[in-house]
Amino acid sequence: MTIGQRLAILGALAFLALLAQTLIAQGTAGAGALLANPWGQITLADFYLGVLVFALVIFHFEPSPLRAGAWVLALACLGNPVAVLWLVLRGQRLFPPKA
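A quick note: this is a predicted structure, and the numbers were derived from the prediction, not measured.

A. How the structure looks around a nonpolar patch on the surface. A cluster of nonpolar side chains, contributed by L13, F15, L16 and L78, occupies part of the molecular surface with about 340 Å² of accessible area. The dominant element in the nonpolar patch, judged by the number of residues it contributes, is helix α1 (residues 3-26), at 3 residues. Secondary-structure assignment places F15 in helix α1.

B. Main features of helix α3 (residues 38-61). With 24 residues, α3 extends 35 Å between its outermost C-alpha atoms, agreeing within 8% with the 34 Å of an ideal straight helix rising 1.5 Å per residue. Every buried residue of α3 is accounted for by G40, V51, F54, A55 and I58. Backbone nitrogen of W39 and a side-chain oxygen of the N-cap are separated by 2.7 Å at the start of α3; the cap is N37.

C. View of the packing of α1 against helix α5 (residues 80-94). Running from N to C, α1 and α5 cross one another at 155°; their axes reach a closest spacing of 9 Å. As judged from the angle between their axes, α1 and α5 are roughly antiparallel. Here α1 runs over α5; the crossing is left-handed. Counting all contacts with α1, which are made through Q5, A8, I9, A12, F15 and L16, the residues of α5 involved are P81, V84 and V88.

D. The arrangement of the packing of helix α4 (residues 65-78) against α5 in detail. The geometry of α4 relative to α5 is characterised by a closest axis approach of 7 Å and an angle of 145° between their N-to-C directions. Contact residues: R67, W71, A74, L75 and L78 in α4; N80, P81, V82, A83, L85, W86, L89 and R90 in α5. Taken together, the residues that form the contact of α4 with α5 break down as 10 nonpolar, 1 polar and 2 charged.

E. Looking closely at the pattern of salt bridges. Tallying each qualifying case throughout the model produces 2 salt bridges. Residue E62 is joined to R67 by a salt bridge in which the shortest nitrogen-to-oxygen separation is 3.5 Å. Its relative accessible area of 5% is what places E62 among the buried residues. Salt bridges sharing partners connect three or more residues here, namely E62, R67 and R90.

Thresholds, definitions, all that
Residues numbered from 1 in each chain as written. Predicted model: local features only at pLDDT ≥ 70, side-chain atom pairs only at ≥ 80, totals over all residues. Heavy atoms only, no water. Patch = residues over 30% accessible without salt bridge, like charges linked within 9 Å, V, L, I, M, F, W, Y side chains within 5 Å. Areas by Shrake-Rupley, 256 points an atom, 1.4 Å probe, with all protein chains shown as cover. Salt bridge = Lys/Arg side-chain N within 4 Å of Asp/Glu carboxyl O. Helix = DSSP H or I, 4+ residues; strand = E, 2+ residues; numbered from the N terminus. Expected span 1.5 Å × (residues − 1). Buried < 20%, exposed > 50% of the residue type's maximum accessible area, 1.4 Å probe, protein only. Polar contact = N/O pair within 3.5 Å; in protein donor to acceptor, adjacent residues only side chain to side chain. Axes fitted to C-alpha atoms, helices over the stretch in contact; angles between N-to-C directions. Parallel < 35°, antiparallel > 145°, perpendicular 65-115°, else oblique. Left-handed = near helix turned anticlockwise from the far one by under 90°. Contact = heavy atoms within 4.5 Å. Nonpolar A, V, L, I, M, F, W, Y, C, P; charged D, E, K, R; others polar.

Now the structure itself:
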């Protein structure tokens, strides 16, 4: 595993820890305030645009449509840490090392 992959996984784990801490401390109580704020709306739209684009990448490269659907569902629920994990797991196949 390369240093870049290790750093990506570390960043993804840090984000998931922050997400878990926020859900435990706040629940989903702040969602209404987020959607009431125009910056919250544009941030949410940006997130789901990224999910859509990365979902297309996953469906293109993942051999099983069922597995691709599971990855996309996880991506929509948990965000970029899932994208990082998918890239780390599929990276050798997508980006073979140069000889």
